[in-house]
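Observations on the three-dimensional arrangement
So you can see what is in the structure, the chains are spelled out below.
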Amino acid sequence: MSASPTPSIRPVIAAVEGMATSDGAGVSMTRMLGTPRLRTLDPFLMLDLFGSDEPTDYLAGFPDHPHRGFETVTYMLAGRMRHADNHGHEGVIETGGVQWMTAGRGLIHSEMPEQTEGLMRGFQLWINLPARLKMTEPRYQEFPAARIPVESREGGVTVTVIAGDTARGTAGPVRAEATDARYFDVALPAGAVFAEPLPAGHTAFLVLFEGGVSVAGAEGTLSGPQVVVLGEGERVEAAAGPEGARFLLLSGRPLGEPIAWGGPFVMNTREEVMQAFRDYEAGRI
Ligand code: CO
C-alpha cells in the first residue's frame, strides 16, 4: 500500500447549473443546490439565488412558514428584505447585509420584500445542524454591510468575509461553530488569481454568479451562474477570465449524519420529522 500525496490545489469535481424554480408565495429564483442535479453537499442542504428587477418575480415573498433542525443564511446583494418571527424578532436585511439564523428547535417566520420596485438580488443558503444542536434555542446573527470586513488583496481582488477567518487573518462577524463554515464573497478583476487554504476534509464549492473562472480540473473558463464543486486539496485556487469574476466560496465540516428532510424540517430520522409536523400543528414551534 502506498501513501498517495494530497494534491495541492482542490480540483473541480463537478460544475452544475441551477434550476429555475418558484418558492414561497410565488417568488421566481434559481435553485443552485438541493435539486435533482445536485442534491446536497454535506453540511450544505440548499442554495437559492434570487435576482430580478421585475416586482412580479418577488413581491409575493415568503409569508409565515416554519423551520427546524438547520440554519438559514440570507445574504442580500441588492434590495431589502423584512423578516419577522413568532417569538418577536423582527428586522430588515439591507443591501450587503447578512442574516445567519440558527432555527434550532424551531420558529415560524415571514420573509417579505421591503420594496415594491427595483432590483432584489441575493442568496439564501440552508446549512444542516448536527443532531446535538437540532433542538437548540433559535439564534440570530445579523450584520449590515458596514460591519462585514472586506479584505483587499493584490491584483484588485476583494474578499468580503461573512463567516470564518481568511488565512490572512480577516475574521467574519458570524460565528459558525456548528460546521466551522466559511462564507466569503470574492470579486476578481480580469486575469486576477485568488488562492486560499481550507481545512482538509471540509466540503468546499464556489458559487459563480458573475463572469468566469478557470480552476484546475476543468477545461477552459467556467461561467455562471454555476456551482463549482471542489475536491480534496490544500487550497482553493481560481483565476478570473477576461470579464473578471465574482463568486461565493463556501466551505464547512461535513456532519456525516443521516438526513431526514420533510419540507421545512431537516432532522435525522423520519420520526423526528413527523414530530416536527405535529409540534407545528399543535402550536409548539
Ligand atoms: Co424561511
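In this report, the structure presented in the accompanying data block is examined. Remember, predicted model here, so these are calculated numbers, not experimental data. (Residues numbered from 1 in each chain as written. Predicted model: local features only at pLDDT ≥ 70, side-chain atom pairs only at ≥ 80, totals over all residues. Heavy atoms only, no water.)

1. Brief notes about the sheet that holds strand E6 (residues 70–78)
Strand pairs in the sheet, formed through backbone hydrogen bonds, run parallel or antiparallel to each other. Formally: Criterion used throughout: strands pair if DSSP finds at least two bridges between them. Only DSSP runs of H or I with at least four residues qualify as helices, and only runs of E with at least two residues qualify as strands; both kinds are numbered from the N terminus onward. Each axis is a line fitted through C-alpha atoms, taken for helices only over the stretch in contact, and angles between the N-to-C directions span 0 to 180 degrees.
With antiparallel pairing, the seven strands of this open sheet are ordered in space as E2-E3-E4-E11-E6-E9-E12. Both edges of this open sheet fall to strand E2 (19–23) and strand E12 (139–143), since each of them pairs with a single strand only. Strand-to-strand, the axes of this sheet are offset by a mean angle of 20 degrees, without reference to chain direction. By the bridge criterion, five bridges tie E2 to strand E3 (residues 27–33) in an arrangement that is antiparallel.

2. Quick notes on unusual backbone geometry
Across the junction of Asp42 and Pro43, the peptide omega takes the value 10 degrees, indicating a cis bond. Tracing the backbone through its elements, the reader meets Pro43 in the loop between E3 and strand E4 (44–52). Residue Pro225 is reached from Gly224 by a cis peptide bond, and omega for that bond is -5 degrees. Considering the arrangement of structural elements, one finds Pro225 in the loop between strand E18 (222–223) and strand E19 (226–230). One non-glycine residue, Asp180, adopts positive backbone phi at about 50 degrees.

3. Here's the deal with the environment of Glu177
Stated formally: Accessible area is worked out with a 1.4 Å probe on protein chains only. A residue is then buried under 20% of its type maximum, exposed over 50%, and partly exposed in between. A contact between two residues is defined here by any heavy atoms of the two lying within 4.5 Å.
Inspection of the secondary structure assignment puts Glu177 in the loop between strand E14 (158–163) and strand E15 (182–188). By relative accessible area, Glu177 is classed as exposed at 52%. Residues Glu177 and Gly220 lie 43 residues apart in sequence; the distance between their C-alpha atoms is 36 Å. Setting aside anything within four residues of it in sequence, one finds Glu177 in contact with Arg139 and Arg253.

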